[in-house]
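Listed here are the chains, written in short residue letters.
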Amino acid sequence: MMLSSRRLFVSVLLAGLGTGLVGCKKKESAGAGPSGAGEASKPIVIGHYASMTGSTAHYGQDTDKAVRLAIEQVNQQGGVKGRKLEVVTLDDRGDSAEASNAVARLIDVEKASAIIGEVASSLSLSGGRVAQRRKVPMVSPSSTNPKVTEVGDYIFRVCFLDPFQGKVMANFARNTLKLESVAILKDVKNDYSIGLADAFRAAFTGAGGKIAVEQSYSQGDTDFSAQITAIKGSGAQAIFTPGYYSEVGSIARTAQRLGVKVPLLGGDGWDAPDLVKIGGDALEGSYFSNHFAPDVATPKAQKFVADFKAKYKQEPTGLGALGYDAAAVIIEAMRHAPNLSGDAIRSALGKIKDFEGVSGKITINGERNADKSAVVLKIVDGKYKYETTVEP
Ligand code: PHE
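Source: prediction; values computed, not measured. (Residues numbered from 1 in each chain as written. Predicted model: local features only at pLDDT ≥ 70, side-chain atom pairs only at ≥ 80, totals over all residues. Heavy atoms only, no water.)

Caption draft 1: Representation of the overall build of the protein chain within the structure. Within the protein chain, the secondary structure is distributed over 13 helices and 14 strands. For a compact globule of 392 residues, the expected C-alpha radius of gyration is about 21 Å, and the protein chain comes in at 21 Å, within 12% of that figure. Its C-alpha atoms give the protein chain principal-axis dimensions of about 70 × 45 × 40 Å. Taking all 392 residues of the protein chain together, the buried fraction comes to 56%. (Helix = DSSP H or I, 4+ residues; strand = E, 2+ residues; numbered from the N terminus. Rg over C-alpha atoms; globule rule 2.2 N^0.38 Å. Buried < 20%, exposed > 50% of the residue type's maximum accessible area, 1.4 Å probe, protein only.)

Caption draft 2: The site of the ligand, seen in detail. Near the ligand lie 13 residues; those nearest to it are Ser121, Ser142, Thr144, Tyr244 and Asp268. One nitrogen or oxygen atom from the main chain of serine 142 is found 2.9 Å from a nitrogen atom belonging to the ligand. Tyrosine 244 is positioned such that a nitrogen or oxygen atom in its side chain is 2.5 Å from an oxygen atom of the ligand. Protein burial of the ligand: of its 320 Å² of free accessible surface, 100% is covered by the chains. For the ligand, the cavity whose grid points lie within 2 Å of the majority of its atoms is the largest cavity. Here the residues of the shell around the ligand are counted per class, giving 6 nonpolar, 6 polar and 1 charged. (Near = heavy atom within 4 Å. Polar contact = N/O pair within 3.5 Å; in protein donor to acceptor, adjacent residues only side chain to side chain. Areas by Shrake-Rupley, 256 points an atom, 1.4 Å probe, with all protein chains shown as cover. 1 Å grid on protein atoms, 1.4 Å probe; cavity = no way out; pocket = protein on both sides within 12 Å on 5 of 7 lines; lining within 4 Å. Sits in = over half its atoms within 2 Å of the grid points. Nonpolar A, V, L, I, M, F, W, Y, C, P; charged D, E, K, R; others polar.)

Caption draft 3: Geometry of helix H12 (residues 318-336). Compared with the 27 Å implied by 1.5 Å per residue over 19 residues, the 27 Å span of H12 between its first and last C-alpha is a close match. Across the 19 residues that make up H12, a large majority, 16, are buried. (Expected span 1.5 Å × (residues − 1).)

Caption draft 4: Examining helix H13 (residues 342-350) more closely. Those residues of H13 that sit buried are Gly342, Ala344, Ile345, Ala348 and Leu349. Buried residues of H13, seen end-on, are gathered within an arc of 165° and therefore sit on one face of the element. Summarising the contacts, the buried residues of H13 are in contact with strand E4 (138-140), strand E5 (155-157) and H12. (Arc of directions from axis to C-beta. Contact = heavy atoms within 4.5 Å.)

Caption draft 5: How the structure looks around the domain arrangement of the protein chain. Once the domains are mapped, the protein chain shows domain 1 (26-160 + 298-373) and domain 2 (162-290). For domain 1 versus domain 2, the separation of C-alpha centres amounts to 30 Å. In this assembly, 20 residues from domain 1 lie in contact with 20 residues from domain 2. Considering only the surface of domain 1 that becomes buried against domain 2, His58, Tyr59 and Phe160 emerge as the three largest contributors, covering 36% of it. Across the contact surface, domain 1 and domain 2 share 1 salt bridge. Between aspartate 191 and lysine 147 there is a salt bridge, with its nearest N and O atoms 3.0 Å apart. Across the domain 1-domain 2 interface, the total number found is 12 residue pairs in polar contact (both at pLDDT 80 or more). Going through the elements one at a time, helix H2 (57-76), helix H4 (121-134) and H12 are the ones with two or more residues in the side of domain 1 that touches domain 2. For the side of domain 1 that touches domain 2, the class distribution of residues is 7 nonpolar, 11 polar and 2 charged. (Domains from an automatic or database assignment. Buried area = accessible area lost by both parts, 1.4 Å probe. Salt bridge = Lys/Arg side-chain N within 4 Å of Asp/Glu carboxyl O.)

Caption draft 6: How the structure looks around empty space enclosed by the protein. All told, the structure shown has 2 cavities of 30 Å³ or more when counted by the stated rule. With 3 residues, H12 is the largest single contributor of residues to the lining of the largest cavity. Split by residue class, the lining of the largest cavity holds 7 nonpolar, 7 polar and 2 charged. Of the domains in this structure, domain 1 (26-160 + 298-373) and domain 2 (162-290) are the two that each give at least three residues to the lining of the largest cavity. (Points joined across faces, edges and corners; volume = space filled by probe spheres on them.)

Caption draft 7: Main features of the sheet that holds E4. One open sheet holds the 5 strands; their spatial order is E2-E1-E3-E4-E5, and the pairing between them is parallel. Here the strands that pair on one side only, and so sit at the sheet edges, are strand E2 (85-91) and E5. Sheet twist, expressed as the average angle between the axes of neighbouring strands with direction ignored, equals 25°. Strand direction decides the pairing type here: strand E1 (residues 44-50) and strand E3 (residues 114-116), joined by 3 bridges, are parallel. The partner of isoleucine 46 across the bridge, within E3, is alanine 114. Of the strands in this sheet, E1, E2 and E3 are in contact with H2, which crosses E2 at around 170°. (Pairing = 2+ DSSP bridges. Axes fitted to C-alpha atoms, helices over the stretch in contact; angles between N-to-C directions.)

Caption draft 8: Structural view of unusual backbone geometry. Put simply, glycine 117 and glutamate 118 share a cis peptide bond, and its omega is -20°. Position of glutamate 118 among the secondary structure elements: in the loop between E3 and H4. Despite not being glycine, lysine 313 shows a phi value in the positive range, around 55°. For lysine 313, the location among the structural elements is in the loop between helix H11 (299-312) and H12. The exposure class assigned to lysine 313 is exposed, which follows from its relative accessible area of 69%.

Caption draft 9: Region of the structure containing the packing of aromatic side chains. Under the counting rule described, the total for this entry stands at 13 aromatic pairs. Centroid distance tyrosine 192 to tyrosine 244: 5.5 Å. Interplanar angle 15°. Geometry classified as stacked. Of the two residues, tyrosine 192 is situated in helix H7 (residues 191-206) and tyrosine 244 in the loop between strand E8 (239-240) and helix H9 (245-257); the sequence distance between them amounts to 52 residues. According to the relative accessible area criterion, tyrosine 192 is buried, its value standing at 2%. What links up through ring pairs into an aromatic cluster is the set Tyr59, Tyr192, Tyr244 and Tyr245. In this structure, lysine 65 packs its charged tip against the face of tyrosine 312, placed 5.8 Å from the ring centre. Sitting above the plane of the tyrosine 154 ring, arginine 346 keeps its charged end 5.0 Å from the centroid. (Phe/Tyr/Trp six-rings, centres within 6.5 Å; stacked < 30°, edge-to-face > 60°. Lys NZ or Arg CZ within 6 Å of the ring centre and 35° of its normal.)

Laid out in structure tokens, this is it:
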């Protein structure tokens, strides 16, 4: 039952999105065991699980494009250990149970040597448990909740964590914007949003600020008028809303409609072109923390932006930069590992030091996290304007 529904799901994905988004691995070889040719002549499979559809589709699509760019470039240079690499992407539709299923399938059926994913922390938690149990290394490009890498010693990430990101925005609100009182509006169905709200609250009150009122919503909600009305009466000078772009866009519109003129503040979950498409001018003058700002890109990052634009005719987001780096770090680990067993790749990942990624220098620390700087961006004329960089 399970298998047939998954097969159906994969063919639906193939039909719906085209083979460009899914590895070109032939379906009849899946699960059929080794063919006549030896392992060494087959491509090395990197599994990617991502929200290719649904309300966070931008996250999955941007990441996947960048992962594919990284793999294509490595293959042009001859691959790794004399073998080509192949990406197999499975769509989890932004759903926790689908994320677990996708990771199981990438490992058991597609025989992935390493996994890239997810963007959303809640999905990295569910998918990560599956990878950990099977002892296949997983690198999350952009999940920032601390619990993600605590799942176990096979789980890594190449981005900063929310306690840092929350502090960056709290200090920015308190010291740069000189705010005294801020409201919090968080998504209680989302580990990332809850964790980032906690981090912001602790740092902002620690710096002498006050939380005027705290309100919540659930991912998928479309009506935020009750929460905004409560915030309106609280005297808050800004609203910290650490959520994903679809809901944040509607929150901004609701605030504008109800006459709330204070800026919104947020985190990396805002980083998608659809944020401004949905929120429009209601987001003008708002600020958020992020992983990457093209305006202050290093030469390596500039090359990535140019290559991405040439291939996809669009600008990469921070998600693209991190997806590219997650793939690059896995490739670097595979190069140094004595063989491609899960354990060998895992220990090579743990030794990544001063690796020059497009999103900054990456050193994997003892907790399998990366200590990275954050940028603060301001929304001006519908575009992101770089404000400042904060070192860890
Ligand atoms: N950091 C978010 C999370 O952990 C995901 C995210 C990263 C979204 C970067 C957008 C950009 O859930």
